[in-house]
Structures are given as structure tokens and as C-alpha cells.
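As a plain string of letters, each chain reads:
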Amino acid sequence: MYYQYSNDLYELLCKYTDQIERFSIDECFLDITNFIPKGKTDLQIACEIQKRVKQELGFTVNIGVAPNKLLAKMASDFEKPDKVHTLYKEQIAKKMWLLPVAELFMVGKRSLPKLEKLGIKTIGDLAATKKEEMIKLFGKFGKMIWEYANGIDEEPVKAQKEDPKCIGNSITLPEDMTNLEKIEEILLALTEQTTYRLRKTRTTYKSSRSSNKN
């Protein structure tokens, strides 16, 4: 049943972007950079997904909206359940640095006592520590958690190559639409995104077939 719910969620998310990384059975990263309809924001898209999951799939999700995977992950772990949180660069000091360092992604039971022994109690304390010092004490791990504490994460969303059962797009409007001009604008945006995904899928499929032949 859990796998079915996971797959149902994935199918719904595919309506918004084809750049989806399944991080675990109940967690995905989405890159919607090139899939935001004109006149909408990333936060509005997130709220729409949250609403649709609850109405169409019957369960709740927490969503983190941020410029990279690390900050999105941190934001999604803020207050639960059924919440949408943002963690933009300008919000790091207020929303993340005050948290205990134990809440930073990748800081575990082994590293926590060592950090606390150094006087690093909060994520902000870690961010304020010199990167060279963290590298000297912890090596590559020290560099990584220092970057995470400062909201730095250059790793892209790793989209899995899954053959879609269908290709389409949809949007939930806040109210009934009767203005034909507005309706045409919405249909055009949906069509552009759908055809973009169709072309991209066909290109990937052809490349795969060529590779298999070789």
C-alpha cells in the first residue's frame, strides 16, 4: 500500500516537471525552474501540489521550497504536518541558523558530540566557524557540513529516467474561468509545457534506442 501511495504521488508530481529525484519511498526532490507557468511563483505551485495531494490522494505532505536540495530538505522538516515552508537564501539566518546543529542534514550521532565539544551548539555556530578549521578537523565531511550550514549545495536534482505512462499537464484555478482570453493564455501555457516534455521524452527515447543498437 505504501509503495502504491508513493507511485501515485510520483504520477501527480510528473504533471508539474520531469525533473524528479526519488530520494526515498516518501520523499522526492523536484526542479521546477523551467516549468513555472507565467504569472505563478514556486510557492504557489507548492501550495497547489499540497492541496491536490490531500484532495486527490487522501494524505498530507510537507513541502520545502528553496533554491537547492539541501535547503528544500531542511524546509520540509520544519513544522508538520501538512505545511509548506520556504527557505530562501535571505531566510537562512532567521529560519535555519537558530536551530540546534543536530537538526542539520547529515549531522549524526557520531559527529554531534564532537561539534558540541568545540562549542558548536547551533547551525549558526557551525556556519560562523572557519571552513579551513572544519576541514582540518573532519576532512571532506567537515567541508560538506560547513557548506550545508551556510546553505551551499551545488548538487542538481538527479532525474530518474522512467518511461511515463502518459504525458500531460494540468492546473487548478482558484475560481471558475469565463474570460476566453484568459482561458486561451492558460491553455497555451499548458500546451507549451506538455509539448516540451513530449519532445524531451522522444529525444531521450531515440537516444536510448540508438545506444542499444550500438
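Above this text you will find the structure in question.
As the structure is a computational prediction, the values presented were derived from the model and not from experiment.

Brief notes about the overall build of the chain
Right, so step 1: Check the secondary structure of the chain and you find nine helices and four strands.
Right, so step 2: Helices and strands in the chain line up, N terminus first, as α-β-β-α-β-α-β-α-α-α-α-α-α.
Right, so step 3: Every one of the 214 residues in the chain was classed for burial, and the buried ones make up 34%.
Right, so step 4: Of the contacts made within the chain by residues no fewer than 6 positions apart, 48% connect residues no fewer than 24 positions apart.
Right, so step 5: By element, 54% of the accessible surface of the chain is carried by carbon and sulfur atoms, the whole surface being about 14,000 Å².

Focus: the layout of surface pockets
Right, so step 1: The volume enclosed by the largest pocket comes to roughly 1,200 Å³.
Right, so step 2: Taken together, 42 residues form the lining of the largest pocket, with Cys28, Leu30, Asn62, Ile63 and Gly64 sitting closest to its centre.
Right, so step 3: For the lining of the largest pocket, the elements supplying multiple residues, two or more each, are helix H1 (2-13), strand S2 (27-30), helix H2 (42-57), strand S3 (63-65) and helix H3 (69-76).
Right, so step 4: Here the lining of the largest pocket is built from residues that sort into 23 nonpolar, seven polar and 12 charged.

Brief notes about the pairing of strand S1 (residues 20-24)
Right, so step 1: Bridge analysis of S1 against S2 gives four bridges, and the strand direction is antiparallel. Within S2, the position partnered with Glu21 by the bridge is Phe29.
Right, so step 2: Remark: two residues form the turn of the hairpin made by S1 and S2, two consecutive strands paired antiparallel.

Quick word on the packing of H1 against H2
Right, so step 1: Here H1 crosses H2 at 135°, and the two axes come no closer than 11 Å. It follows from the interaxial angle that H1 and H2 lie oblique. Between H1 and H2 lies a crossing whose hand is right-handed. On the side of H1, the interface is formed by Tyr5, Asp8, Leu9, Leu12 and Leu13, while H2 contributes Ile49, Arg52, Val53, Glu56 and Leu57.
Right, so step 2: The residue makeup of the contact of H1 with H2, split by class, is seven nonpolar, no polar and three charged.

A word on the nonpolar core
Right, so step 1: Counting residues in each nonpolar core, the largest one holds 24 residues, and the members touching the most others are Met74, Leu104, Leu115, Leu126 and Met134.
Right, so step 2: With near-sequence residues (within four places) excluded, Leu126 lies in contact with Val101, Leu104, Leu115, Ile120, Met134, Ile145, Trp146 and Ala149.
Right, so step 3: Core analysis: the second largest hydrophobic core is formed by 15 residues, Leu13, Tyr16, Ile63 and Val65 among them.

Thoughts on the pattern of salt bridges
Right, so step 1: By the definition in use, this model includes 11 salt bridges.
Right, so step 2: Lys69 is the salt-bridge partner of Glu155, the closest N and O atoms lying 3.4 Å from each other. Here Lys69 lies in helix H3 and Glu155 lies in the loop between helix H8 (140-149) and helix H9 (180-213), a separation of 86 residues in the sequence.
Right, so step 3: The exposure class of Lys69 is buried, given its relative accessible area of 8%.
Right, so step 4: Lys73 is the salt-bridge partner of Asp77, the closest N and O atoms lying 3.8 Å from each other.
Right, so step 5: The exposure class assigned to Asp77 is partly exposed, which follows from its relative accessible area of 40%.
Right, so step 6: Here Lys73 falls in the buried class, since its relative accessible area comes to 13%.

Quick word on the environment of Ile92
Right, so step 1: Following the sequence through the fold, Ile92 ends up in helix H4 (residues 92-95).
Right, so step 2: Counting along the chain gives 59 residues from Ile92 to Gly151, while the straight-line C-alpha distance between them is 7.1 Å.
Right, so step 3: Contact partners of Ile92, with chain neighbours within four places excluded, come to Leu71, Leu87, Trp97, Ala149, Asn150 and Gly151.

So, how was this worked out
Residues numbered from 1 in each chain as written. Predicted model: local features only at pLDDT ≥ 70, side-chain atom pairs only at ≥ 80, totals over all residues. Heavy atoms only, no water. Helix = DSSP H or I, 4+ residues; strand = E, 2+ residues; numbered from the N terminus. Buried < 20%, exposed > 50% of the residue type's maximum accessible area, 1.4 Å probe, protein only. Contact = heavy atoms within 4.5 Å. Areas by Shrake-Rupley, 256 points an atom, 1.4 Å probe, with all protein chains shown as cover. 1 Å grid on protein atoms, 1.4 Å probe; cavity = no way out; pocket = protein on both sides within 12 Å on 5 of 7 lines; lining within 4 Å. Points joined across faces, edges and corners; volume = space filled by probe spheres on them. Nonpolar A, V, L, I, M, F, W, Y, C, P; charged D, E, K, R; others polar. Pairing = 2+ DSSP bridges. Axes fitted to C-alpha atoms, helices over the stretch in contact; angles between N-to-C directions. Parallel < 35°, antiparallel > 145°, perpendicular 65-115°, else oblique. Left-handed = near helix turned anticlockwise from the far one by under 90°. Core = buried A, V, L, I, M, F, W, Y, C linked by side-chain atoms within 4.5 Å. Salt bridge = Lys/Arg side-chain N within 4 Å of Asp/Glu carboxyl O.

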